Amino acid sequence: MSESSMLKRFEDKIQREIKIEPRDWMPDEYRKTLVRQISQHAHSEIVGMLPEGNWVTRAPSMRRKVALIAKVQDEAGHGLYLYSAAETLGTSRKEMIDDLHSGKAKYSSIFNYPTLSWADIGAIGWLVDGAAIINQVMLCRTSYGPYARAMVRICKEESFHQRQGYEIMLTLARGSEEQKAMAQDALNRWWWPSLMMFGPPDHESKHSAQSMAWKIKRKSNDELRQSFVDATVPQAKLIDLVIPDPDLKWNEDRGHYDFGEIDWEEFWNVVKGNGPCNKQRLEARNKAHDEGKWVREAAAAFAEKQATRRKDVQQKIAS
Ligand code: FAQ
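Treat the numbers as computed from the prediction; the structure is a model and nothing was measured.

Rules of the game
Residues numbered from 1 in each chain as written. Predicted model: local features only at pLDDT ≥ 70, side-chain atom pairs only at ≥ 80, totals over all residues. Heavy atoms only, no water. Helix = DSSP H or I, 4+ residues; strand = E, 2+ residues; numbered from the N terminus. Contact = heavy atoms within 4.5 Å. Polar contact = N/O pair within 3.5 Å; in protein donor to acceptor, adjacent residues only side chain to side chain. Near = heavy atom within 4 Å. Areas by Shrake-Rupley, 256 points an atom, 1.4 Å probe, with all protein chains shown as cover. Phe/Tyr/Trp six-rings, centres within 6.5 Å; stacked < 30°, edge-to-face > 60°. Buried < 20%, exposed > 50% of the residue type's maximum accessible area, 1.4 Å probe, protein only. Salt bridge = Lys/Arg side-chain N within 4 Å of Asp/Glu carboxyl O.

Asker: How would you summarise the environment of D202 if you had to cite specific residues and measurements?
Answerer: Within the fold, D202 resides in the loop between α8 (177–196) and α9 (208–213). Measuring from C-alpha to C-alpha, the distance between D202 and T308 comes to 54 Å, with 106 residues separating the pair along the chain. Those residues in contact with D202, other than ones at most four positions away along the chain, are S220, N221, D222 and E223. Among the polar contacts made by the side chain of D202, one reaches the side chain of S220 at a distance of 2.6 Å.

So this is what it looks like as structure tokens:
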């Protein structure tokens, strides 16, 4: 079959909402875009364990500690599903991880901010997981089968994460004056970086048009950001916390909240590696990888031993 007929068949599948599967023909650029996005997403889940992991030993009660450990462990699982989905496109996990560790690959800007108080754990669950869900519900319908299927389970777990975060904020907001102030301070620091998670504004988003044509993305960065603001403002009101944006107001004509200008200079600065914790995050990931070398070697040796045994048994059966 000629390349143009294969392209036609691929485009037809996209139009008819038939998922593209690993063995299907796909344009090189489609494959490249998916490897880029899925691996960045996987790296974000893995690096995203670090700011919260920082509070596991300092959680204020056993219940909070158990929930936080479970959440951080879920993020590791999400990373693994996503690396597996990306591997189906022909890129090895080693290559992807090497790119993360060398600083070549991107991961979400949000994880380069520090977790200074316990309320930050509430703010991450409420805002960061809340933003992740809005972006990821759309990805459950993405055109590449393995990515779409991984996202279904991830979204279920993220909604538990969002609720545990909101419940921490609710408890603090109803607590002592100091606790409420701590919750407000966390909201002040995490609000704007959470809006940045959705990526640059549509007119600066270089991948959006093509990704939407291929139905990898179903909604634009700005559309998703607006949905997040609309969903989150009433939640803040309910627990009597103030969103740190003097320009935030309901727009009756649009049926949405208007909000203030995002500091895009800060965003690009963080994306380029100059955020408050970029260096620390990469050092932590590299250290964990180096210290885990003996585990990978032991697992590989064990797998090899098992394979040799299986082969011996098969040979005995055959003879
Ligand atoms: N940070 O043309 P666009 C989570 C880059 S998971 C850093 O608009 P695209 C769970 C972008 O890669 C959070 N870089 O790009 C959790 C591109 O650079 P490149 C992660 C960013 O792909 C919670 C350039 O800017 N979620 O939170 C960011 O069409 C709690 C131009 O941008 C996902 O990855 C950013 N925020 O749209 C875990 C979801 N935004 O590659 C632990 C899947 C943009 O050309 C604790 N990804 N860039 O060098 C997506 O939906 C998309 O990739 C977007 C960006 C929407 C992030």
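Asker: Give a detailed account of the site of the ligand, specifying residues and quantitative values.
Answerer: Around the ligand, a shell composed of 36 residues is seen, among which Q40, K106, S205, H207 and K217 lie nearest. Taking M196, its main chain carries an N or O atom lying 3.4 Å from a nitrogen atom of the ligand. Between the ligand and the protein, one listed contact pairs an oxygen atom with a side-chain N or O atom of H207 at 2.6 Å. Expressed as a share of its isolated accessible area of 1,100 Å², the protein-covered part of the ligand is 94%. Those elements that provide at least two residues to the shell around the ligand are α2 (28–47), α4 (62–87), α6 (118–139), α7 (145–173) and α11 (264–274).

Asker: Give a detailed account of the packing of aromatic side chains, specifying residues and quantitative values.
Answerer: A full pass over the atoms with the stated rule returns 11 aromatic pairs. Judged by centre distance (5.0 Å) and plane angle (75°), the rings of W250 and Y257 are edge-to-face. The exposure class assigned to W250 is partly exposed, which follows from its relative accessible area of 41%. Take Y257: its relative accessible area is 12%, and that puts it in the buried class. With 4.8 Å between their ring centres and 70° between their planes, F267 and W268 make a pair best called edge-to-face. Owing to a relative accessible area of 29%, W268 belongs among the partly exposed residues under this scheme.

Asker: Report on the pattern of salt bridges, specifying residues and quantitative values.
Answerer: Taken as a whole, this structure holds 23 salt bridges when the rule is applied. Note that D12 is salt-bridged to R16, the shortest N-O span being 2.9 Å. Residue D12 is classed as partly exposed on the basis of its relative accessible area, which comes to 33%. Between D240 and K180 there is a salt bridge; the shortest N-O distance is 2.9 Å. Within this pair, whereas D240 is found in the loop between α10 (221–238) and β1 (249–251), its partner K180 is found in helix α8, the two being separated by 60 residues in sequence.

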